[in-house]
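Fold and geometry: a report
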There are 2 protein chains.
Amino acid sequence: MKQIMIQTKSRSYPVFLGSGISSHMDDLLKQVLEKPSKILIMTDRTVYDLYGNKLEKVLKKLNVDVLTYVVPSGEASKSFETYYACLTFALENNMDRESVVVAFGGGVVGDLAGFVAATFMRGIPFIQVPTTLLAHDSAVGGKVAINHPLGKNMIGAFHQPHAIIYDTEFLKTLPQLEVRSGFAEVVKHGFIQDKSFVEQLMADIRHLDEITDQQLLWFIQKGIEVKAAVVAEDEKETGKRAFLNFGHTLGHALEAELGYGKISHGDAVACGMLFALWVSERTFNRSFHYETVKKWFEQIGFPVKMEENMDPKALINRMKHDKKTLHNQIRMVLLEEIGKPVLKPFNRETLISLLNEWKTEG
Amino acid sequence: MKQIMIQTKSRSYPVFLGSGISSHMDDLLKQVLEKPSKILIMTDRTVYDLYGNKLEKVLKKLNVDVLTYVVPSGEASKSFETYYACLTFALENNMDRESVVVAFGGGVVGDLAGFVAATFMRGIPFIQVPTTLLAHDSAVGGKVAINHPLGKNMIGAFHQPHAIIYDTEFLKTLPQLEVRSGFAEVVKHGFIQDKSFVEQLMADIRHLDEITDQQLLWFIQKGIEVKAAVVAEDEKETGKRAFLNFGHTLGHALEAELGYGKISHGDAVACGMLFALWVSERTFNRSFHYETVKKWFEQIGFPVKMEENMDPKALINRMKHDKKTLHNQIRMVLLEEIGKPVLKPFNRETLISLLNEWKTEG
């Protein structure tokens, strides 16, 4: 088992990473928490059906009341209605300020359960137990949120978990689409921080269904380390943390415009990264081997073009509702070189014409 | 104008206190904030009708978009529905992470607006502009929350404001009941921290309609200083801050059992403080001049007895839903002496019989 420490201003906590480690989760919890009054497992239908009973059984070894709240799988569970229902469940079951929430699932469950933990009685501890590759990113750093019909992740908080328990066994039952979605964030961590990591990924990983256990552990650890370094410097996204948004300006807009769930987060981000690379080449007048990256993305299975009927103006309107939009200027993360991201503001018109150009030529 | 600094682990900020100071609020804001992208004034109907236009006018001097969102007056506005409506309004009006919320009103508005600011795009700055005496307490310390049908303040956060601008002119239009409600928290601050302050209050303040401007400024400042000292030591209520709950165990239960708004918060707390004093005398076998305090409370106008038909068992059930309840034990703040509070756990049966006894003999 590997242990990576996440250091933030408000809390430091470990990521436990390994294969099969959730079978002794009771011991891991004892390392990071006093005995809680109750444990609330929040999870989704898919994860519960696969692993719910097993986790309940392990946690019951702590001799604590273990409650389970199962939400439907998918982004729609990051709604106000589900959030409110979770809080009601917690109150009805007499949870108190010494209870703990275990977020057992992917990014949706982590975000929802984290926001419940952040706001229940003004904040109680929570533990992230990610079951997806994408969650190597979302589970680290304490960003939790739910969606509003006017935008994704608009309502939320910074609430650091007490620990992240990352058992790669859970990834074995992940659909291919989900693995690819998570892999996009791994690639992103390379682009913004570590050129040799990108090069190694491009050399070693050509087909996601051929990844070895060793490769999986390697790039998850690497991805977490990049994320940890960034949030250690900037917990609340006032500066450097914004670079984690590489590929996300267009990515979020695509997700919103297509309707959440119609495109995976990672696919949208991958498409956004290609656009950001293409804009970076034009802005800084240097090559990022755009065509090579595009071919690699195609091989991995990422979408490398926007759909034909996608309207750049509609996408720009989505971007204007993004949290990173300030004073009505849209700020994109570009690369001066691989590992050296910068924030660059664009006005509406410039970005529309760039999108139109990329759509036909990129 | 007086200035009291509030120091917490997450932020330090000033309380500006004085008569008429809101007329140069534009200058005060410049001292604590960069120029915001937009200002959202959140207020209630009563305050808006009295002072809304005036405040809008002052803030517009900053050359910033000033939006106003008016909620109905009263505790019912600390609901999920109102909270959600505020967030929708903020998004529809393109507020962003450099916007600021001004909470203009009493405790209800401060709590609601504070929770909106705490969770909008994971947290934006806010300014407390209290208009009640009670808010000398609630505006200091960063506790913000909304209610759930199963309990008051169950959903919330710790989110410190960037400043508190306390203009005592606003208190002039306050109904007597509201002044009394706020005065209860002033008295509480005396009991938990400062014996001579209590003695001076008992000697000088006999009728709330005869308070001079000087007395008002004196005891508001004193109350804020006590609160500031407590939150400086314990921002997140893991220890000493729980003492601020003196009188609140029974107080909150009375409010909940009677239905919010049927008894003022301060009246309920005053009644709860009397009970806590009475229990303290029995627990520590010493006199707190219970009868003298009771007479003084009567003179001020506080209720000094529970209503005849109030059922102690029902009150205990309310207490068990209180956030301070841990592992099913109800913890009351008692006094070893004035200025020396302690937390004492009680089981259900003991507390029921104490309540029954106090109801007939206290």
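Conventions we followed
Residues numbered from 1 in each chain as written. Chains lettered and ligands numbered in written order. Predicted model: local features only at pLDDT ≥ 70, side-chain atom pairs only at ≥ 80, totals over all residues. Heavy atoms only, no water. Phe/Tyr/Trp six-rings, centres within 6.5 Å; stacked < 30°, edge-to-face > 60°. Helix = DSSP H or I, 4+ residues; strand = E, 2+ residues; numbered from the N terminus. Lys NZ or Arg CZ within 6 Å of the ring centre and 35° of its normal. Pairing = 2+ DSSP bridges. Axes fitted to C-alpha atoms, helices over the stretch in contact; angles between N-to-C directions. Patch = residues over 30% accessible without salt bridge, like charges linked within 9 Å, V, L, I, M, F, W, Y side chains within 5 Å. Areas by Shrake-Rupley, 256 points an atom, 1.4 Å probe, with all protein chains shown as cover. Salt bridge = Lys/Arg side-chain N within 4 Å of Asp/Glu carboxyl O. Lys, Arg positive; Asp, Glu negative; His and termini not counted. Charge placed at Lys NZ, Arg CZ, Asp CG, Glu CD. Contact = heavy atoms within 4.5 Å. Least-squares fit on C-alpha atoms with pLDDT ≥ 70 in both. Domains from an automatic or database assignment. Buried area = accessible area lost by both parts, 1.4 Å probe. Polar contact = N/O pair within 3.5 Å; in protein donor to acceptor, adjacent residues only side chain to side chain.

1. A look at the packing of aromatic side chains
Using the criterion set out here, one finds 32 aromatic pairs over all chains in the structure. Centroid distance tyrosine 69 of chain A to phenylalanine 89 of chain A: 4.9 Å. Interplanar angle 55°. Geometry classified as tilted. Of the two residues, tyrosine 69 of chain A is situated in strand β4 (residues 65-71) and phenylalanine 89 of chain A in helix α3 (residues 80-92); the sequence distance between them amounts to 20 residues. An angle of 70° between the planes, with centres 6.3 Å apart, marks the rings of tryptophan 218 of chain B and phenylalanine 219 of chain B as edge-to-face. An aromatic cluster of at least three residues, connected via ring pairs, comprises Phe80, Tyr83, Tyr84 and Phe115 of chain A together with Phe80, Tyr83, Tyr84 and Phe115 of chain B. For arginine 282 of chain A, the ring lying beneath its charged end belongs to tryptophan 278 of chain A, and the centroid distance is 4.0 Å.

2. What to know about the sheet that holds strand β6 (residues 126-130) of chain A
Residue and element names in this part refer to chain A. With mixed pairing, seven strands are arranged side by side in an open sheet as β1-β2-β9-β6-β5-β3-β4. Since the sheet does not close on itself, it has two edges, and those belong to β1 (2-7) and β4, each with one partner. The mean inter-strand angle of the sheet, taken between neighbouring strand axes irrespective of direction, is 20°. The pairing of strand β3 (residues 38-44) with strand β5 (residues 100-105) spans five bridges and is classified as parallel. Within β5, the position partnered with isoleucine 41 by the bridge is valine 102.

3. Side note on a positive patch on the surface
Together, Lys9 and Lys236 of chain A together with Lys9 and Lys236 of chain B make up a region of like positive charge exposed at the surface. Topologically, lysine 9 of chain A is positioned in the loop between β1 and β2 (12-18).

4. Re the environment of lysine 2 of chain A
Residue and element names in this part refer to chain A. Topologically, lysine 2 is positioned in strand β1. Between the C-alpha atom of lysine 2 and that of proline 14, which follows or precedes it by 12 residues, the distance is 9.8 Å. Once residues within four sequence positions are removed from consideration, lysine 2 is found in contact with Val15, Phe16, Leu17 and Gln221.

5. Some points on the relation of the copies chain B and chain A
With an RMSD of 0.0 Å, the operation that places chain B on chain A is a rotation of 180° combined with a shift of 0.0 Å along the axis. The relationship between the two copies is best expressed as a two-fold rotation axis. Distance from the rotation axis, computed per C-alpha, reaches its smallest value in chain B at serine 10 of chain B: 4.2 Å. The residues that chain B uses at the interface reappear at the interface of chain A in 100% of cases, marking a shared surface.

6. As for the domain arrangement of chain A
Residue and element names in this part refer to chain A. Parsing chain A into structural domains produces domain 1 (2-173) and domain 2 (184-361). In this structure, domain 1 and domain 2 have C-alpha centres spaced 27 Å apart. Here domain 1 meets domain 2 over a buried area of about 2600 Å², counting both sides, of which 67% is carbon and sulfur. Counting across the interface, domain 1 meets domain 2 through four salt bridges. A salt bridge links aspartate 137 to lysine 188, with the nearest nitrogen and oxygen atoms 3.9 Å apart. At the boundary of domain 1 with domain 2, the tally comes to seven residue pairs in polar contact (both at pLDDT 80 or more). Counting only elements with at least two residues in the side of domain 1 that touches domain 2, the list comes to β1, β2, α5 (135-138) and β8 (151-158).

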